[in-house]
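# Fold and contact review
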Amino acid sequence: MAVTQEMVEVWRGPVLESRHAGIAVICNADGEVIESWGDPDTVILPRSSVKMIQALPLITSGAADAKGLTEEQIALSCASHQGAPIHTKRVGAWLNDLGLSENDLICGPQTPWDIPTRNAQIKAESGKCRIHNNCSGKHCGFLTLTQHLGAGPDYVDPDHPVQKAALDAFETVTGETSPGFGIDGCSAPNFATTLRGLGRAMGYFAGAREEGDRMERAAFRLAKAMRSYPDLVAGEGRACTELMRAAKGKVTIKTGAEGVFTAILPEQGLGVALKITDGATRASECAIAALLVKLGALDANDPLVKKRLNPDVPNFAGINTGEIKPAAGFPA
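Residues numbered from 1 in each chain as written. Predicted model: local features only at pLDDT ≥ 70, side-chain atom pairs only at ≥ 80, totals over all residues. Heavy atoms only, no water.

In terms of helices and strands, the chain carries 14 helices and 12 strands. Expected size for 332 residues packed as a compact globule is a radius of gyration near 20 Å; at 19 Å, the chain falls within 12% of this value. With respect to the three principal axes, the spread of C-alpha positions in the chain is 60 × 50 × 35 Å. Counting only contacts in the chain whose residues sit at least 6 apart along the sequence, the fraction spanning at least 24 positions is 62%. On the chain, roughly 13500 Å² of surface is accessible, and the fraction owed to carbon and sulfur atoms is 51%. A distance of 4 Å separates the average location of the 33 positive side-chain charges in the chain from that of its 38 negative side-chain charges. (Helix = DSSP H or I, 4+ residues; strand = E, 2+ residues; numbered from the N terminus. Rg over C-alpha atoms; globule rule 2.2 N^0.38 Å. Contact = heavy atoms within 4.5 Å. Areas by Shrake-Rupley, 256 points an atom, 1.4 Å probe, with all protein chains shown as cover. Lys, Arg positive; Asp, Glu negative; His and termini not counted. Charge placed at Lys NZ, Arg CZ, Asp CG, Glu CD.)

Right, here's the structure in full:
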């Protein structure tokens, strides 16, 4: 079993009701671990927290520039979006620019997370669609690269040139040979790495400069696009969007399923990687907020930060029954 550290506590009145443990690392731009909690050599699936890595070949191949992609589209290629109109209109337009349709997306149909959009679909008795899939922006990026490479339509096959390019980029920035992969919710392979490797990758992005080599320029461009358009990366009410807004453009933040978060701090040249071992989102949001407060990237008193760092636990009558907060000693 991996060595973990308790990171988040859930209190109900005076009783400590639940605990969440995890693993986290902070790496510098040289890939060195400068601080860690738990065993940084634990292998995980980073899930959607690495969409900026999966998008690296979109930039380094020249596909993005050949298609004239905007900064908004580049941000959307890294998104786990809500399926709100701000997202789906852009995805639809992108597919149209490629001469493609929803049927060319392999991400699968999904009910939108955006509540007004979901309710409108229910009232209209319309079914789920692929454009509303939270990964449809990433898949538009995959399709753009597929066209640029002249490759076949099954772009999520691990042996497809798009996924081979993604794996090469992944292993380059993590500094590790991936031990394998799982199939993600959107049907694309999700390559495994250690927390150390994931932190090293975020450190690489943090140290990337606009005047660097081809890979550095791509990493700089992707992280900057995400910071510039936090509403496209996730959506209203989501932790990634709200915490990036609270950071006022100083941090790129990305969540992944099963309790994963990554963060890129270019001004400090630091990258953060975090995994809550039981996969709880409430805990991963609290823990990433705590780490970014520790690093001075977030203000603990900002309402958008407190919402994740130390939220109340109301019941159905609106009575506050307790709180969620970082565990004692984390992050020391």
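The next thing to look at is the pairing of strand β10 (residues 270–276). With seven of its seven residues buried, β10 lies for the most part within the structure. Burial along β10 is two-sided: L270, V272, L274 and I276 and G271, A273 and K275, pointing in opposite directions, are all buried. The sheet contact formed by strand β2 (residues 15–28) and β10 spans seven bridges and is antiparallel. Note on β10: the bridge partner recorded for I23 is K275. Note: strand β9 (residues 260–265) against β10, six bridges, orientation antiparallel. Across the sheet, the residue bridging to I264 is G271, located in β10. (Buried < 20%, exposed > 50% of the residue type's maximum accessible area, 1.4 Å probe, protein only. Pairing = 2+ DSSP bridges.)

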